[in-house]
Amino acid sequence: MVLILKKFKNNFISVLFVLFTIFLVIFSSSNLQAAKVGLELWAKSVVPALLPFFIATELLGHTNVISFLGKFLNKCMRPLFNVPGEGAFAFLMGIISGYPVGAKIVTNFRNEGICNKYEAERLLCFTNNSGPLFILGTVGISMFADTTTGIILFITHFLSCITVGFIFRFWKYNKISSNYTLNKLPSGNTEKKLATFSNLGDVLTTSIKSAISTVIMIGGFVVLFSVIISILNNSHLLDALSCAINPILSALNIPTNFSNGIISGIIELTNGVKIVSSIPIKNISTNIMISAFLLGFGGFSVLLQVWGIISKTDISIFPYFLAKLLQGTIAALYTYFALHYFNFLNLDLSTSPINYKGLLFFIIGLVFTFIFFKFLKSSKHNLKFEFKHN
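Owing to the predicted nature of the structure, the values given are computational and were not obtained by experimental measurement.

Calculation rules
- Residues numbered from 1 in each chain as written.
- Predicted model: local features only at pLDDT ≥ 70, side-chain atom pairs only at ≥ 80, totals over all residues.
- Heavy atoms only, no water.
- Helix = DSSP H or I, 4+ residues; strand = E, 2+ residues; numbered from the N terminus.
- Buried < 20%, exposed > 50% of the residue type's maximum accessible area, 1.4 Å probe, protein only.
- Contact = heavy atoms within 4.5 Å.
- Areas by Shrake-Rupley, 256 points an atom, 1.4 Å probe, with all protein chains shown as cover.
- Expected span 1.5 Å × (residues − 1).
- Core = buried A, V, L, I, M, F, W, Y, C linked by side-chain atoms within 4.5 Å.
- Phe/Tyr/Trp six-rings, centres within 6.5 Å; stacked < 30°, edge-to-face > 60°.
- Lys NZ or Arg CZ within 6 Å of the ring centre and 35° of its normal.
- Polar contact = N/O pair within 3.5 Å; in protein donor to acceptor, adjacent residues only side chain to side chain.
- Axes fitted to C-alpha atoms, helices over the stretch in contact; angles between N-to-C directions.
- Parallel < 35°, antiparallel > 145°, perpendicular 65-115°, else oblique.
- Left-handed = near helix turned anticlockwise from the far one by under 90°.
- pLDDT = per-residue confidence, 0-100.
- Patch = residues over 30% accessible without salt bridge, like charges linked within 9 Å, V, L, I, M, F, W, Y side chains within 5 Å.
- Salt bridge = Lys/Arg side-chain N within 4 Å of Asp/Glu carboxyl O.

**Brief notes about the overall build of the protein chain**
So, step 1. For the protein chain, the helix and strand inventory stands at 18 helices and zero strands.
So, step 2. In the protein chain, buried positions account for 45% of the 390 residues.
So, step 3. The long-range fraction of contacts in the protein chain, counting pairs at least 24 apart against all pairs at least 6 apart in sequence, stands at 76%.
So, step 4. A total accessible area of about 20,300 Å² is found for the protein chain, and carbon and sulfur atoms account for 70% of it.

Okay, structure coming up:
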């Protein structure tokens, strides 16, 4: 049974790659334009915004700053999030810099043995977030043309990531053992040397090379997903996916004309938020809440970027995926409370609210899904154990 599932998985991926190549040829003209747009977006927006922060985080890794934060903030980070105090550095840089700086720092921590596998997974769940420049500037000012909206989105995004960090402090809570912590450092990795005047040139060169490598990888994902969205639009698959979620939107009392923006945002964050923010509706709080969800989730483009960054470690992407889905939902809920219980923040022109009960049921569904997957994973592990001993 396991072999059949494995073959199906491998063949499914192969079929997807073949279809992608075929669609590249069929829609070559529009795909070429989409690739140019993605490349331009990467060169003009991503590189200037992320490269300096990546270099800075690499350089700080060669100093005593991280270890100092670890000793100073361990009493705060350990009880709240069940991670070492050094995690505060990942959290601060992640919230300041934006996606996927937090993931890069957590990966560095894992490679340097600062945290074990499970601590790294907990850290990743709440330290990789949208940055204030993107939320306040791009989303708030450029897309919604309102600074207050940007501030609301940033505050709820910040609060939701802290909430998720606290919830996921219990992830693999009883799995840490003394036998494992003796082998924190994956094979082949060494700790970074502290920067001095004698090795400053080497430290700078190494840091810049590492930062550029990560930024180039992100650029590949930006171009790839620009082309994927172009293919989905031209093949009308995006419309089909949008229609598929219409029943869910109707149950939550959300207008179905948001479906295209939501699907686009789930695939790629920036395009989705741009579409959602431009939909004319009297209940502007609906636009803001959906944007809060998309900002919290981050989209599959960011998810795969993170997966690429952590791929050379033993960190699992599964808890991160669950955490971002939960963060998006919590951010939307916090935004709902902010807009409907603080009248001076409410920008609606009418009073037709989103189905609050439906949103609660959706959150409960997410929790049960999380429990189900944990049970499934545990059962699978037990079956493998029994199979090996029979």
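**Thoughts on helix H16 (residues 299-310)**
So, step 1. For H16, built from twelve residues, the straight-helix expectation of 16 Å at 1.5 Å per residue is met to within 8% by its first-to-last C-alpha distance of 17 Å.
So, step 2. Within H16, burial applies to Gly-299, Ser-301, Val-302, Leu-303, Gln-305, Val-306, Ile-309 and Ile-310.
So, step 3. Buried residues along H16 sit in contact with helix H5 (101-112), helix H6 (117-127), helix H10 (200-234), helix H13 (259-267), helix H15 (284-297) and helix H17 (318-341).

**Let's talk about the nonpolar core**
Across soluble globular proteins, nonpolar side chains have a tendency to be buried as a group.
So, step 1. In this structure, Phe-109, Leu-124, Val-139, Leu-153, Val-306 and Tyr-320 are the most contacted members of the largest nonpolar core, which totals 76 residues.
So, step 2. By residue number, the principal contributor to this core is H10, which donates eight residues.
So, step 3. Within the second largest apolar cluster, eight residues are counted, among which are Val-164, Leu-322, Ala-323 and Ile-330.

**Here's the deal with the packing of aromatic side chains**
So, step 1. As enumerated under the stated definition, the model contains 13 aromatic pairs in all.
So, step 2. When the centroid spacing of 6.2 Å and the interplanar angle of 35 degrees are considered together, the rings of Phe-168 and Trp-171 count as tilted.
So, step 3. The class of Trp-171 is buried, set by a relative accessible area of 3%.
So, step 4. We note Arg-169 situated over the ring of Phe-170; from NZ or CZ to the ring centre the distance is 5.1 Å.

**Points about the side chain of Ser-316**
So, step 1. Tracing the chain through its elements places Ser-316 in the loop between H16 and H17.
So, step 2. A residue is classified by how much of its surface remains accessible, and Ser-316, at 17% relative accessible area, is buried.
So, step 3. Among the polar contacts made by the side chain of Ser-316, one reaches the main-chain amide nitrogen of Phe-318 at a distance of 3.2 Å.

**Remarks on the environment of Ser-311**
So, step 1. Take Ser-311: it is sitting in the loop between H16 and H17.
So, step 2. Separated by 204 residues in sequence, Ser-311 and Thr-107 have C-alpha atoms that sit 9.2 Å apart.
So, step 3. Of note is the side chain of Ser-311, whose polar atom sits 2.7 Å from the backbone oxygen of Gly-308.

**Structural notes on the packing of helix H11 (residues 237-244) against H13**
So, step 1. Remark: H11 packs on H13, axes separated minimally by 8 Å, with the N-to-C direction vectors making an angle of 110 degrees. By the angle between their directions, the pair H11 and H13 is classed as roughly perpendicular. Between H11 and H13, the contacting residues are Leu-238, Asp-239, Leu-241 and Ser-242 on the first element and Ser-259, Asn-260, Ile-263, Ser-264 and Ile-267 on the second.

**Digging into unusual backbone geometry**
Leaving glycine aside, a negative phi is the common case for residues, and trans is the common case for peptide bonds.
So, step 1. The omega torsion across Tyr-99 and Pro-100 is -15 degrees, close enough to zero to call that bond cis.
So, step 2. Of note, Pro-100 is situated in the loop between helix H4 (87-97) and H5.
So, step 3. For Asn-82, which is not a glycine, the phi torsion comes out positive at approximately 60 degrees.
So, step 4. Mapped onto the fold, Asn-82 is located in the loop between helix H3 (65-81) and H4.
So, step 5. For Asn-82, a relative accessible area of 9% puts it in the buried group.
So, step 6. With a phi angle near 65 degrees, Asn-253 is a residue other than glycine that sits in the positive phi range.
So, step 7. Mapped onto the elements, Asn-253 comes out in the loop between helix H12 (246-251) and H13.

**A look at H10**
So, step 1. Here H10 contains 35 residues, and its C-alpha end-to-end distance of 51 Å stays within 8% of the 51 Å for a straight helix at 1.5 Å per residue.
So, step 2. Immediately downstream of H10, the backbone of His-236 shows phi near 65 degrees, a positive value.

**Re the packing of H4 against H6**
So, step 1. Relative orientation of the contacting elements H4 and H6 amounts to 25 degrees, with a least axis distance of 9 Å. Regarding the angle of H4 to H6, the classification is roughly parallel. In the packing of H4 onto H6, the handedness of the crossing is right-handed. Taken together, the residues of H6 that come into contact with H4 (itself represented by Gly-87, Ala-90, Phe-91 and Gly-94) are Leu-123, Phe-126 and Thr-127.

**A closer look at the confidence of the model for the protein chain**
So, step 1. For the protein chain, the mean per-residue pLDDT works out to 80, and 80% of the residues sit at or above 70.
So, step 2. Of the regions scoring below 50 in pLDDT, residues 177-190 engages in 19 contacts with residues more than four places distant in sequence or in other chains.
So, step 3. Confidence drops under a pLDDT of 50 for residues 382-390, and excluding neighbours within four residues, the segment shows zero contacts in the predicted structure.

**A closer look at a nonpolar patch on the surface**
So, step 1. Among the surface-exposed residues, Val-15, Val-18, Leu-19, Ile-22 and Ile-26 lie close enough to one another that they form a single nonpolar patch of about 430 Å² accessible area.
So, step 2. Looking at where Leu-19 falls in the secondary structure, it is placed in helix H1 (residues 2-26).
So, step 3. On the basis of relative accessibility, which here comes to 38%, the residue Leu-19 falls in the partly exposed class.

**With respect to the pattern of salt bridges**
So, step 1. As enumerated under the stated definition, the model contains five salt bridges in all.
So, step 2. Ionic pairing is found between Glu-119 and Arg-78, a salt bridge with its closest N-O pair at 3.1 Å. Here the residue Glu-119 occupies a position in helix H6, and Arg-78 occupies one in helix H3, the gap between them amounting to 41 residues.
So, step 3. The class of Arg-78 is partly exposed, set by a relative accessible area of 28%.
So, step 4. Between Glu-121 and Lys-117 there is a salt bridge, and its shortest N-O distance comes to 2.6 Å. With Glu-121 and Lys-117 both in helix H6 and four residues apart, this pair spans about one turn of that helix.
So, step 5. Overall, Glu-121 belongs to the buried group, its relative accessible area being 2%.

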